[in-house]
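What follows is each chain in one-letter form.
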Amino acid sequence: MITIDAIQGLRAQVDAWRRGGNVALVPTMGNLHDGHLALVQAARPLADRVVASVFVNPLQFGAGEDFDSYPRTPERDAELLESQGADLLFAPAVELMYPKSCEEQTRVEVPGVSTLLCGVTRPQHFVGVATVVCKLFNMVQPDLAFFGKKDFQQLMVIRQMVDDLAMPIRVIGVDTRREPDGLAMSSRNAYLTPEQRTIAPILYRVLTGLAEILRSGSSDYAGLQSQAVRELNESGFCTDYVAIRRAADLLEPVPDEGELVVLAAVHLGQARLIDNIEVSR
Ligand code: PAF
C-alpha cells in the first residue's frame, strides 16, 4: 500500500490506475474499526484499485464538539488498511485540504436533507461533510465511493450532492457493522465509560422493537416516537431525536406507502451516538 499526503502524487498515481481499470474511494476520519474495514471489503471486489482517505475534517465539527479529542490512530489505521488490501492511503494535513482557512473555504450546501434530523442540532455539520467529500472526490476522481449506512442521513446528503452536481461517481452504502450486543460500531464508542457501555446497546434494542411494530402494520408514528424517546431517556440517554421517516427522502411518512427508516441520535456521557434501522413493509 502506498501512502500519499500531497495532491499531485495522488493524482498521478490514480490517473495511471484509471487507465487500466476502475478506482474506488473509501473516505474515513480514521480510528478505524470493523465498520470501516467493511467498506474496504465491499470495495475490493468491485474495484481494481481501492483508495482510502483518513482525514479528521474540522469543517464538519461545530463549536464545542469533539474535533480536538477525536481519536487519532494513524499508524494502526495504515496497518489495518494494508491488511484489507487497500492500494493507497491518502492522509492529507488540514493545511492541504484547507490552505486558506476553514472560514474562507468555498462550501457545498445540499439543501433539504441537510437541514433535517442531525442537521437541526448540528447546523453546519452536513455542509462540512459535503464540502470535504466533494474535495476528496475532486482530488481522487473515483469511479465508486463507499459510505456506511450507520450515517444514513450523511449517505443521503452525499447521494444528493452527486446527483445535483452531476458527479460521475457511483455511491454505495454498506450495512452497519455491530458489536455482538447490537451496538453500532463507531469511533465515538470509545468515549463511553464501562457503565455507559452496558447501557449503549439499549439504543439498538429500542429501535429494533420500534421497527418490529412498524413491520406489523402500525402507523401511529408520533406515538411510537414519543414512547421510544421515553424508554431511551429512562434508560439513561439524553435523546436528541427518534424519527420514523421515509427511507427515500427522510420526510414524514404516509401510512402504507414506501419503505421506512427509523433513526435516532442520543447523548450518553461524552458520546453522541446515532443509529438507524430500515423497515420494508
Ligand atoms: O463518515 C465519516 O467518517 C465522515 O463524515 C466522512 C464521510 C469521512 C467525511 O469526513
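To be clear, the structure that these remarks concern was listed above.
Not measured: the values here are computed from a predicted model. (Residues numbered from 1 in each chain as written. Predicted model: local features only at pLDDT ≥ 70, side-chain atom pairs only at ≥ 80, totals over all residues. Heavy atoms only, no water.)

(A) Local environment of the sheet that holds strand S7 (residues 238–246). With respect to topology, three strands assemble into an open sheet ordered S7-S8-S9, the strand pairing being antiparallel. Whereas interior strands pair on both sides, the edge strands pair on one side only; in this sheet they are S7 and strand S9 (271–279). Averaged over all neighbouring strand pairs, the angle between strand axes comes to 10°, with direction disregarded. Here nine bridges tie strand S8 (residues 260–268) to S9, and the two strands are oriented antiparallel to one another. Within the sheet, the bridge partner assigned to Val266 lies in S9 and is Leu273. (Pairing = 2+ DSSP bridges. Helix = DSSP H or I, 4+ residues; strand = E, 2+ residues; numbered from the N terminus. Axes fitted to C-alpha atoms, helices over the stretch in contact; angles between N-to-C directions.)

(B) Region of interest: the state of the cysteines. Applying the stated criterion across every chain, the model contains zero disulfides. The thiol of Cys102 is unpaired, and the distance to the nearest cysteine sulfur, on Cys134, comes to 15 Å. (Disulfide = S-S within 2.5 Å.)

(C) Structural view of the site of the ligand. Pro27, Thr28, Met29, Asn57, Gln60, Val132, Phe147 and Gln154 make up every residue found near the ligand. In the environment of the ligand, an oxygen atom lies 2.7 Å from a nitrogen or oxygen atom belonging to the side chain of Gln154. When the ligand is considered free in solution it has 290 Å² of accessible area, and contact with the protein chains removes 89% of it. Grouping the amino acids of the shell around the ligand by side-chain chemistry returns four nonpolar, four polar and no charged. (Near = heavy atom within 4 Å. Polar contact = N/O pair within 3.5 Å; in protein donor to acceptor, adjacent residues only side chain to side chain. Areas by Shrake-Rupley, 256 points an atom, 1.4 Å probe, with all protein chains shown as cover. Nonpolar A, V, L, I, M, F, W, Y, C, P; charged D, E, K, R; others polar.)

(D) Main features of helix H3 (residues 74–83). Among the residues making up H3, those that are buried are Asp77, Leu80 and Leu81. Projection of H3 onto a plane perpendicular to its axis shows the buried side chains occupying an angular sector of 100°, all on one side. Looking at H3, the residues exposed on the side facing more than 90 degrees away from the buried face are Glu75, Glu79 and Ser83. Count one or two residues on from H3 and you reach Gly85, which has phi positive near 85°. (Buried < 20%, exposed > 50% of the residue type's maximum accessible area, 1.4 Å probe, protein only. Arc of directions from axis to C-beta.)

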